[in-house]
Amino acid sequence: MNYISLIVFVTYFALLLLIGYLAYRKSNNFSDYILGGRKLGPVIGGVSTGASDMSGWLLLAFPGAVYAGGISSGVWLAVGLAIGAYVNWRFVGNKIRQFSIVAGDSETLPEFLENRTRDKTRAIKIISSFFILIFFTFYVSSGLVAGGLLFEQTFGISYTKGLLIIGLVVLIYTTTGGFFAVTWTDFLQGIIMLFAVVIVPIVAFTELGGWKSTIFQVGDVSTNNLDAFSGITILGVISGLGWGILGYFGQPHAILRFMAFSSSKDVTIGRAVYTVWNVVAMYGAMFIGIAGIAFFANNPLNDPEVVFIQLSQLLFNPWVTGLLLVALLAAVMSTVSTQLLVSATALAEDLYKGLFRKKAIERELFWVIRLAIIAVTGVALLVGLNPQSSILGLVSYAWAGFGAVFGPSVLLTLFWKGTTRNGILAGIIVGGLTVILWSLLSSAGIIPFVLYELIPGFIFSTLAILIFSRLGSPPTKEMNEEFELAHQSNI
């Protein structure tokens, strides 16, 4: 099986590199490289956004959490993510696309916030980029950890070598093709991921005797496995729902996709495509964990996060197994490539050009962003070198960081005319520091209850924006006119 899987993996890698080369041929300027020239279509946009959202945690950490703790460990997170994703697409997607065009044709989230609030000090862009680099390093690292685990489980090679292989392949096609390479490969990978989360639970449930038989077997292991409230507190439910409902608003990689759509109509169609993909993917992954409870009842897994890998190897012939494991690889690489591009863009466009080389030519920026991708990858590899790293832990920390740093800023910038530079700057700082400090204090046992750090981070960031926007100069006439134009136009 390893030999066949190796053939499938090598073929897949070759396809990704080919896409990277074709994307390189299509990227005519720097705008194409970082935003695709705002030509993203609805189907590719919807599926690729889903693939970049979910990452390796969809097929490793999420089914693993359900396998280890029953449906209560996943259902609230799944519900929250489904609601949050839809609301984000419905109310933020097209609005930020229009606003980013009106606000100086902004091509990154930090640039949009700076242009929207007329920040001449560049403090918003600098601090935003700083937090993007911090939290995306953890996010990228989570994907590399998943890739290292996959290679270790599949081929028996060392975790570190698997980590390096994943990092190298993603590095090559991302630096080569930029936004086009990332979106096209994410689309392909999203289709493969959807196939995996549908076929694995169907075959597993069939092997176990069907739906009723599987549920009875899961209940025989422990009735708590079927209780959505088992072992979970009110704060646990709030944390699970908050992950999705609040977290989505501030994810830079999703916002980048919104800004890249070619029209309002494409955003609407993309929302429908994404919603279907998202719901099927999450609940399919949850059913994988449920099937694993029954399937491994007499021989429990030592590491819950490998339940998808084990079911794939046991239930299918080697060629299908190879494709399913490629789906896991796809989940990893789709997210890592998107995050690398956003992080490197923050370094090149928002920091290097914004602070040091305002008149940098496109050729220079191309090389700076490629070097930035290499640098971010290197740091993420160092973070992920510990094979005991928790994929879900790394993802949840990064997700909380972005949700608290940018979520309130995006929402209030789009929908409250009174938002000012002082408010956004305060919100970004307060949101980021709250997540970092809350996580540290919780780990040290100083905070005596368990609450996902995104929740207090989002609340305090929102309050900071509301309070500090009232201090100092109010929005200018030009800012108010821009606000009205963005809400009235249908670009």
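Because the structure is predicted, anything quoted here is derived from the model rather than measured.

Turning our attention to the overall build of the chain. Along the chain, the regular secondary structure elements total 19 helices and zero strands. Over its C-alpha trace the chain gives a radius of gyration of 22 Å, about what one expects of a compact globule, namely 23 Å for 491 residues. Expressed as lengths along the three principal axes of its C-alpha atoms, the size of the chain is roughly 70 × 50 × 40 Å. Residue burial in the chain is summarised as follows: out of 491 residues, 60% are buried. Taken as a whole, the chain presents about 18200 Å² of accessible surface, with 67% of it coming from carbon and sulfur.

Now for a nonpolar patch on the surface. Side chains of Ile-459, Phe-460, Leu-463, Leu-466, Ile-467, Phe-468 and Leu-471 sit close together on the surface and give an oily, nonpolar patch of about 610 Å² of accessible area. Position of Ile-467 among the secondary structure elements: in helix H18 (residues 454-468).

Here we take up unusual backbone geometry. Despite not being glycine, Arg-118 has its phi angle at roughly 55 degrees, a positive value. Along the chain, the position of Arg-118 falls in the loop between helix H6 (109-117) and helix H7 (123-155). Residues other than glycine seldom take positive phi values, yet Arg-122 does so here, at roughly 65 degrees. Considering the arrangement of structural elements, one finds Arg-122 in the loop between H6 and H7. Arg-122 gets classed as partly exposed once you look at its relative accessible area, which sits at 24%.

On to the packing of aromatic side chains. Throughout the structure, instances matching the rule amount to 18 aromatic pairs. Relative to Trp-211, the ring of Phe-205 lies with its centre 5.5 Å away and its plane at 20 degrees, an arrangement referred to as stacked. Through a chain of ring-to-ring contacts, the aromatic side chains of Phe-130, Phe-131, Phe-135, Tyr-397, Phe-402 and Phe-406 assemble into a single cluster. We note Arg-90 situated over the ring of Phe-91; from NZ or CZ to the ring centre the distance is 5.0 Å.

Time to look at the pattern of salt bridges. Tallying each qualifying case throughout the model produces seven salt bridges. The residue Lys-125 makes a salt bridge to Glu-114 at a minimum N-O spacing of 3.4 Å. Of this pair, Lys-125 sits in helix H7 while Glu-114 sits in helix H6, placing them eleven residues apart in sequence. The exposure class of Lys-125 is buried, given its relative accessible area of 5%. Glu-484 is the partner of Lys-417 in a salt bridge, and the nearest nitrogen-oxygen pair spans 2.6 Å. Linking Lys-417 in the loop between helix H16 (391-415) and helix H17 (421-443) with Glu-484 in helix H19 (residues 477-488), this pair joins segments that are 67 residues apart in sequence. Judged by relative accessible area, Glu-484 falls into the partly exposed class, the value being 31%. One network of salt bridges, with partners in common, ties together Arg-116, Arg-118, Glu-478 and Glu-482.

Bringing the environment of Leu-451 into the picture now. Mapped onto the elements, Leu-451 comes out in the loop between H17 and H18. In this structure, the C-alpha to C-alpha distance between Leu-451 and Gly-236, residues 215 residues apart in sequence, is 6.8 Å.

Relative orientation of the contacting elements H17 and H18 amounts to 155 degrees, with a least axis distance of 7 Å. Between H17 and H18, the angle is such that the two are roughly antiparallel. Between H17 and H18 lies a crossing of right-handed hand. The residues of H18 that touch H17, namely those facing Asn-422, Gly-423, Ile-424, Ala-426, Gly-427, Ile-428, Val-430, Gly-431, Thr-434, Val-435 and Trp-438, are Pro-456, Gly-457, Phe-460, Ser-461, Ala-464, Ile-465 and Phe-468. Residue composition of the contact of H17 with H18, grouped by class: eleven nonpolar, seven polar and no charged.

This brings us to helix H13 (residues 307-315). Of all nine residues in H13, seven are buried, a share of seventy percent or more. All buried positions along H13 are accounted for by Val-307, Phe-308, Ile-309, Gln-310, Leu-311, Ser-312 and Leu-315.

The complete set of buried residues in helix H4 (residues 61-69) reads Ala-61, Phe-62, Pro-63, Gly-64, Val-66 and Tyr-67. Just downstream of H4 lies Gly-70, where phi reads positive at about 85 degrees.

Attention now moves to the environment of Trp-438. Tracing the chain through its elements places Trp-438 in helix H17. Exposure remark for Trp-438: the relative accessible area of 15% places this residue in the buried category. Considering only alpha carbons, one finds Trp-438 and Glu-453, 15 residues apart in sequence, at a separation of 5.9 Å. Residues in contact with Trp-438, not counting those within four places in the same chain, are Ile-447, Phe-449, Leu-451, Glu-453 and Pro-456.

Calculation criteria
Residues numbered from 1 in each chain as written. Predicted model: local features only at pLDDT ≥ 70, side-chain atom pairs only at ≥ 80, totals over all residues. Heavy atoms only, no water. Helix = DSSP H or I, 4+ residues; strand = E, 2+ residues; numbered from the N terminus. Rg over C-alpha atoms; globule rule 2.2 N^0.38 Å. Buried < 20%, exposed > 50% of the residue type's maximum accessible area, 1.4 Å probe, protein only. Areas by Shrake-Rupley, 256 points an atom, 1.4 Å probe, with all protein chains shown as cover. Patch = residues over 30% accessible without salt bridge, like charges linked within 9 Å, V, L, I, M, F, W, Y side chains within 5 Å. Salt bridge = Lys/Arg side-chain N within 4 Å of Asp/Glu carboxyl O. Phe/Tyr/Trp six-rings, centres within 6.5 Å; stacked < 30°, edge-to-face > 60°. Lys NZ or Arg CZ within 6 Å of the ring centre and 35° of its normal. Axes fitted to C-alpha atoms, helices over the stretch in contact; angles between N-to-C directions. Parallel < 35°, antiparallel > 145°, perpendicular 65-115°, else oblique. Left-handed = near helix turned anticlockwise from the far one by under 90°. Contact = heavy atoms within 4.5 Å. Nonpolar A, V, L, I, M, F, W, Y, C, P; charged D, E, K, R; others polar.

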